Amino acid sequence: MFQSRNIVSAIEFGSSKICVLVGESDGDGHIDVIGRGEAPSAGVVKGELTNIEAAFDQLAVALEEADQSSGRELNNSRIIVIPVTGCGIASYQGVGTVFIKNSEQRVTDSERAEAHQNARIHPLETDRSVLNSSESYFVIDDRLRLRNPINQTAYKLDAHVHIVHALTNRLENFRTVVRESGYEENVEMVFSPLASGVGVLTEEEREGGVLLIDFGAGVTEYVM
């Protein structure tokens, strides 16, 4: 039986170039790049869109090259990710709490997800939006600190979650360019160094602790 391909794509608006990658996921987190396109950057300064029309024109060039090199798979993307910098990005450490009420008194994926979501409930200024969130660690019953709380017997679970947020209007500028290029659905954004960390760091490095510095042509940022 015919199986549809699991296509994912990324669009990066850099200071030196606008780049599009088309990849195919195997379902286990591994992605093979099957198409690539790029064009000299225009309308982008230090991670910010300063000229939407100029960026739109250059993006069209990169999209066509990526689509052609991927065998016209770009339009089949189930998700398009835009790594961003600039945009007034900031972060804070949120804490979300949930009480364990299931019959076995054990932490399940459901409680973990609820605690994570509760950590994201934090009043931001009206002009800001949450960009990404990632779990730092968990605390069981105010005593035991863990990276993974699943199956732990507990009355209370606290999720300490790192929340990255940015200026909504500046993020929307990127969505506008991609939307006007014909891609209106399933567009997600990620803080660029977080995306770099997923791409280049091993699980052992992430577990042990690492400082990743992302040198761009216009912006240098880091994650720890």
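This text goes with the structure placed above it.
Scoring rules and cut-offs
- Residues take numbers from 1 onward in each chain, read along the sequence in its written order.
- Since the coordinates come from a predicted model, pLDDT governs what is reported: local features require at least 70, and pairs of side-chain atoms require 80 or more to be given and counted, while whole-chain, interface and lining totals use all residues.
- Side-chain measures were taken over the full set of non-hydrogen atoms in the model, leaving aside hydrogen atoms and water.
- Structural elements are reduced to axes, namely lines fitted to C-alpha atoms, with helices fitted over the stretch in contact, and the angle between N-to-C directions of any two is expressed from 0 to 180 degrees.
- Every helix listed is a DSSP run of H or I at least four residues long, and every strand listed is a run of E at least two residues long, numbered separately from the N terminus.
- Note that the term roughly parallel is reserved for angles under 35 degrees, roughly antiparallel for angles over 145, roughly perpendicular for angles of 65 to 115, and oblique for everything else.
- Here is the rule for handedness: rotate from the far helix to the near one, and if that takes an anticlockwise turn smaller than a right angle the crossing is left-handed, while a clockwise turn gives right-handed.
- We call two residues contacting when some pair of their heavy atoms lies within 4.5 Å.
- Amino acid classes used here: Ala, Val, Leu, Ile, Met, Phe, Trp, Tyr, Cys and Pro are nonpolar; Asp, Glu, Lys and Arg are charged; the rest, including Gly, are polar.
- We treat two strands as partners when DSSP finds at least two bridges between them.
- To estimate the expected span of a helix, subtract one from its residue number and multiply by 1.5 Å.
- Three labels apply to residues, based on accessible area from a 1.4 Å probe with only protein chains included: buried if under 20% of the type maximum, exposed if over 50%, partly exposed otherwise in between.
- Along the arc lie the directions from the helix axis toward the C-beta atoms.
- Definition of a polar contact: a pair of N or O atoms within 3.5 Å, with one able to donate and the other able to accept a hydrogen when the atoms are protein atoms, and with sequence-neighbouring residues admitted only if both atoms are side-chain atoms.
- To qualify as a nonpolar core, a set must consist of buried Ala, Val, Leu, Ile, Met, Phe, Trp, Tyr and Cys residues joined through side-chain atoms within 4.5 Å.

Undergrad: What's the story with the packing of helix α1 (residues 52–69) against helix α3 (residues 168–180) in this structure? I'm lost.
TA: Axis angle and axis distance: for two packed helices, these are the angle between their axes and the distance between the axes, and together they describe the pair. Two elements in contact, α1 and α3, have axes separated by 10 Å at closest approach and are oriented at 45 degrees. Relative to α3, the element α1 lies oblique. Crossing angle aside, the handedness with which α1 passes α3 is right-handed. Mapping the contact onto sequence places I52, A55, F56 and L59 in α1 and N173, V177, V178 and E180 in α3. Residue classes in the contact of α1 with α3 are distributed as 6 nonpolar, 1 polar and 1 charged.

Undergrad: It is not clear to me how the sheet that holds strand β7 (residues 90–99) should be interpreted in this structure. Could you clarify?
TA: Two modes of strand pairing occur in sheets, parallel and antiparallel, and in both the strands are linked by backbone hydrogen bonds. Taken in spatial order, the 4 strands line up as β7-β10-β8-β9 in an open sheet, and their pairing is antiparallel. Two strands in the sheet have a free side with no partner beyond their single neighbour: β7 and β9 (144–146). On average, adjacent strands in this sheet sit at an angle of 35 degrees to one another, irrespective of strand direction. Strand direction decides the pairing type here: strand β8 (residues 128–140) and strand β10 (residues 156–167), joined by 11 bridges, are antiparallel. Looking across to β10, one finds that Y137 is bridged to H160. Where α3 meets the sheet, its contacts fall on β8 and β10, and the angle it forms with β10 comes to roughly 70 degrees.

Undergrad: Looking at this model, I keep getting lost on α1. Mind explaining?
TA: Spanning 18 residues, α1 covers 26 Å between terminal C-alpha atoms, matching the ideal 26 Å at 1.5 Å per step. For α1, the full list of buried residues reads A55, L59, A62, L63, A66 and D67. Summarising the axial view, the buried residues of α1 lie within an arc of 130 degrees, below the 170-degree limit, and thus occupy one face. Residues of α1 that are exposed and angled more than 90 degrees away from the buried face: E53 and Q68. Regarding α1, its N-cap is N51, as a side-chain oxygen of that residue lies 3.2 Å from the backbone nitrogen of E53 further along.

Undergrad: In this structure, what is going on with α3? I would like to understand it.
TA: Think of an α-helix as 3.6 residues a turn; residues three or four steps apart then line up on the same face. Spanning 13 residues, α3 covers 18 Å between terminal C-alpha atoms, matching the ideal 18 Å at 1.5 Å per step. For α3, the full list of buried residues reads L171, F174, T176, V177 and V178. After α3 finishes, the residue G182 shows a positive phi value of roughly 105 degrees.

Undergrad: Would you take a moment to explain the nonpolar core for this structure?
TA: Generally speaking, a soluble globular protein has its nonpolar side chains buried in company with each other. Residues I11, F13, V20, L59 and V178 are the most contacted members of the largest nonpolar core, which totals 33 residues. Ranked by residues supplied to this core, first place goes to α1 with 5 residues. The contact partners of V20, leaving out residues within four places of it in the chain, are A10, I11, G35, R36, G37, L59, A62, L63, A66 and L74. One finds V107, F138, L146 and I163 within the second-largest nonpolar core, a separate group that totals 14 residues.

Undergrad: Just checking my understanding: could you explain the sheet that holds strand β1 (residues 7–13) for this structure?
TA: Spatially, 5 strands are ordered β3-β2-β1-β6-β11 in an open sheet, and the strand pairing comes out mixed. At either end of the open sheet lies a strand with only one pairing partner, and these are β3 (31–40) and β11 (187–191). Each neighbouring strand pair of the sheet contributes to a mean axis angle of 20 degrees, computed without reference to strand direction. Here strand β2 (residues 17–25) pairs with β3 via 9 bridges, running antiparallel. Residue pairing for β3: V22 is matched across the bridge by G35. Against the sheet, α1 contacts β1, β2 and β3, and its axis sits at roughly 145 degrees relative to β3.

Undergrad: Quick question: what am I supposed to make of the pairing of strand β6 (residues 79–84) here?
TA: Put simply, side chains in a regular strand alternate between the two faces of the sheet. Direction of pairing for β1 relative to β6: parallel, over a ladder of 3 bridges. Within β6, the position partnered with V8 by the bridge is I79. Bridge analysis of β6 against β11 gives 5 bridges, and the strand direction is parallel. Each residue of the ladder has a partner; that of V81, found in β11, is E188.

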